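The primary structure of each chain is shown beneath.
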Amino acid sequence: MTDLAEFAREKGIKYFMISYTDLFGGQRAKLVPAQAIADMQKDGAGFAGFATWLDLTPAHPDMMALPDPSAVIQLPWKKDVAWVASNCIMSGNGALDQAPRNVLARLVAEAAELGLDIKTGVEPEFFLLSPEGTSVADTADTAVKPCYDQQAVMRRYDVIAEICDYMLELGWEAYQNDHEDANGQFEMNWKYDSAMATADKHSFFKFMTRSVAEKHGLRATFMPKPIMGLTGNGCHAHISVWTKDGKNAFADDSKELSLSDQGRHFLGGIMKHASALAAITNPTVNSYKRINAPRTTSGATWAPNSVTWTGNNRTHMVRVPGPGRFELRLPDGAVNPYLLQAVIIAAGLSGLKCKADPGKRWDIDMYAEGHKVTDAPKLPLNLLDAIRAYDADEGLKEAMGKEFSAAYIKLKTQEWNSYTSHLTQWERDNTLDI
């Protein structure tokens, strides 16, 4: 195990950011001087859990964030600071079951007991906006089809290359960066890894991207639909499962699409729980302006609205682009990095246990011919529908953990109620004179 005090001496670290992620995906941290890190590594940093998005009260004892030394990262843009992901514990009660990283750790362990290592890669999309967040920062980025626009990506070379350089320095094996389908939108990719490592990297990537953007006078947002009419921010996940001997359990060249029986059952679990899954993968009010969006200026939303799967076809919720893996296209940029991985494992293991069938494979253009699919469930229309679908899915709630599920449903319902009590400009525009 890494000794964080020794790490500080070797790397010239002055401060550690002991960080945890709350139920809403907010990253919280305390800045701890290196001289105090030995005690923190042993006992954790104290937080008032009620002050963040966790289902706790001011009467609860201190919540301690216990740093995981295997996840420590020296900030490439500020070398005297290190970030370290942490697990939340409650004084006298052990692990805080509702804390997202704890939920994932338990499910990773459950998969390991079955001899399985779930590996994933994520594709987080983000916009670079003006500092106030109201418009695309690059005023020259106006093409109707801006995807892969080489001039636009080069105008933001300083930001994109700096982030990519840092990923390479960290050993993430970054391999491509591009301008995405919306004006001002980008995607950056690094190599897949085991679920917890991917979640930690995903969490750090969001922190790093926002920090570098701010350094350049810009604002990076992973909000699912920050600008109406433009393609939203997705966070597609590529999923494969590996055995202890390093074999891809999803690969079988003798099967349809080279997807093994285990792969089909894991996919079956994703399909079975899809509507409930959305409460986790699409966690905000704004999320449903992406997955139920009208056609964008580029001609496609690149987001699903039905529970369907296919081969190498990007118009469905799940596609199988090649042997031994599949891509879940449902998640958006607001997804909690730890809960994304957790719910994938929970749904997939459920499918393995009951040998779930993913159902009919559709090889059609869902944007043009989706009306032909009459027996596939539609994804939730809004956050409330998603919460209700999750609450009704007893199997998924149990797999994610009773304490977590109760806390998540409670706080997300409060969020929905807060939203519905808000008076919008649309209401003024359309009903002021009724």
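The structure contained in this document is the topic of the report that follows.

Looking at the overall build of the protein chain
- A count of helices and strands for the protein chain gives 15 helices and 16 strands.
- Relative to the globule expectation of 22 Å for 434 residues, the C-alpha radius of gyration of the protein chain, 22 Å, shows essentially globular dimensions.
- Based on the C-alpha atoms only, the size of the protein chain along its principal axes is roughly 65 × 50 × 50 Å.
- When each of the 434 residues of the protein chain is scored for burial, the buried share is 56%.

Thoughts on the pattern of salt bridges
- Summed over the entire model, instances satisfying the criterion amount to 22 salt bridges.
- Its salt-bridge partner being glutamate 394, residue lysine 397 comes within 3.5 Å of it at the nearest N-O pair. Linking lysine 397 with glutamate 394, this pair stays in helix H13 (residues 394-400), spanning three residues, or about one helical turn.
- Judged by relative accessible area, which is 53%, glutamate 394 ranks as exposed.
- Each of the salt bridges in this network shares a partner with another, and the network as a whole consists of Glu256, Arg264, Asp357, Arg361 and Asp363.

Regarding the environment of leucine 230
- Residue position: leucine 230 is located in the loop between strand E12 (219-221) and strand E13 (235-243).
- In this structure the C-alpha to C-alpha distance between leucine 230 and glycine 269, which are 39 residues apart in sequence, comes to 32 Å.
- In contact with leucine 230, not counting residues within four places along its chain, are Phe127, Ala182, Asn183, Lys225, Thr296 and Thr297.

A short note on the pairing of strand E1 (residues 15-21)
- With six of seven residues buried, E1 lies mostly within the body of the structure.
- The pairing of E1 with strand E6 (residues 81-90) spans five bridges and is parallel. By the bridge assignment, isoleucine 18 is partnered in E6 with valine 84.

So, the side chain of arginine 329
- For arginine 329, the location among the structural elements is in the loop between strand E16 (325-328) and helix H10 (337-354).
- A polar contact of 3.5 Å, which involves the side chain of arginine 329, links it to the side chain of histidine 236.
- Each residue touching arginine 329, except ones within four places of it in the same chain, is listed here: His236, Arg290, Trp302, Pro304, Arg314, His316, Met317 and Arg319.

Observations regarding the packing of aromatic side chains
- All told, the structure shown has 20 aromatic pairs when counted by the stated rule.
- Aromatic pair phenylalanine 24 and tryptophan 53: ring centres 4.7 Å apart, planes at 20°, arrangement stacked. With a gap of 29 residues between them, phenylalanine 24 in the loop between E1 and strand E2 (27-33) and tryptophan 53 in the loop between strand E3 (45-47) and strand E4 (63-67) connect regions that are remote in the sequence.
- Under the relative-accessibility criterion, tryptophan 53 is labelled partly exposed at 42%.
- Feature note: the residues Trp77, Trp83, Phe126, Tyr166, Trp172, Phe186, Trp190, Phe204, Phe205, Phe207 and Phe222 constitute an aromatic cluster, connected by ring pairs.
- The side chain of lysine 30 reaches across the aromatic face of phenylalanine 47, ending 5.3 Å from its centre.

Section: the environment of glutamine 151
- The topology assignment puts glutamine 151 in helix H4 (residues 150-155).
- Residue glutamine 151 is classed as exposed on the basis of its relative accessible area, which comes to 51%.

Quick look at unusual backbone geometry
- Positioned with a positive phi, serine 258 is a non-glycine residue whose angle comes to about 60°.
- Among the structural elements, serine 258 can be located in the loop between E13 and helix H7 (261-272).
- Phi at tryptophan 302 is positive, roughly 60°, even though this residue is not glycine.
- Relative accessible area serves as the criterion here: at 33%, tryptophan 302 is assigned to the partly exposed category.

Brief notes about the pairing of E4
- Here E4 lies mainly inside the structure; four of its five residues are buried.
- When E3 meets E4, the two strands line up antiparallel, connected through three bridges. Following the sheet pairing, alanine 45 is matched in E4 by alanine 65.
- In the sheet, E4 pairs with E6 via five bridges, with the strands oriented antiparallel. Within E6, the position partnered with alanine 65 by the bridge is cysteine 88.

So, the packing of helix H5 (residues 157-169) against helix H6 (residues 195-215)
- As a packed pair, H5 and H6 sit with axes 10 Å apart at the nearest point and diverge in direction by 140°. Between H5 and H6, the interaxial angle falls into the category oblique. Once H5 is placed against H6, the crossing between them reads as right-handed. Note on element contacts: H6 touches H5 through Phe205, Met208, Thr209, Val212 and Lys215, opposite Val159, Glu162, Ile163, Tyr166 and Met167.
- In the contact of H5 with H6, the residues fall into seven nonpolar, one polar and two charged.

A word on the nonpolar core
- Within the largest apolar cluster, 121 residues are counted, with the highest numbers of intra-cluster contacts made by Phe16, Phe205, Met317 and Met400.
- Broken down by element, the residue count for this core peaks at eleven residues, all from H10.
- If we ignore the near neighbours within four places in the chain, the residues touching phenylalanine 205 are Pro124, Phe126, Ile163, Met167, Trp172, Met188, Trp190 and Phe222.

Observations regarding H6
- The end-to-end C-alpha distance of H6 is 30 Å, a good match for the 30 Å that 21 residues give at a rise of 1.5 Å each.
- For H6, the tally of buried residues reaches 17 of 21 residues, placing the bulk of the element in the interior.

Procedures and definitions
- Residues numbered from 1 in each chain as written.
- Predicted model: local features only at pLDDT ≥ 70, side-chain atom pairs only at ≥ 80, totals over all residues.
- Heavy atoms only, no water.
- Helix = DSSP H or I, 4+ residues; strand = E, 2+ residues; numbered from the N terminus.
- Rg over C-alpha atoms; globule rule 2.2 N^0.38 Å.
- Buried < 20%, exposed > 50% of the residue type's maximum accessible area, 1.4 Å probe, protein only.
- Salt bridge = Lys/Arg side-chain N within 4 Å of Asp/Glu carboxyl O.
- Contact = heavy atoms within 4.5 Å.
- Pairing = 2+ DSSP bridges.
- Polar contact = N/O pair within 3.5 Å; in protein donor to acceptor, adjacent residues only side chain to side chain.
- Phe/Tyr/Trp six-rings, centres within 6.5 Å; stacked < 30°, edge-to-face > 60°.
- Lys NZ or Arg CZ within 6 Å of the ring centre and 35° of its normal.
- Axes fitted to C-alpha atoms, helices over the stretch in contact; angles between N-to-C directions.
- Parallel < 35°, antiparallel > 145°, perpendicular 65-115°, else oblique.
- Left-handed = near helix turned anticlockwise from the far one by under 90°.
- Nonpolar A, V, L, I, M, F, W, Y, C, P; charged D, E, K, R; others polar.
- Core = buried A, V, L, I, M, F, W, Y, C linked by side-chain atoms within 4.5 Å.
- Expected span 1.5 Å × (residues − 1).

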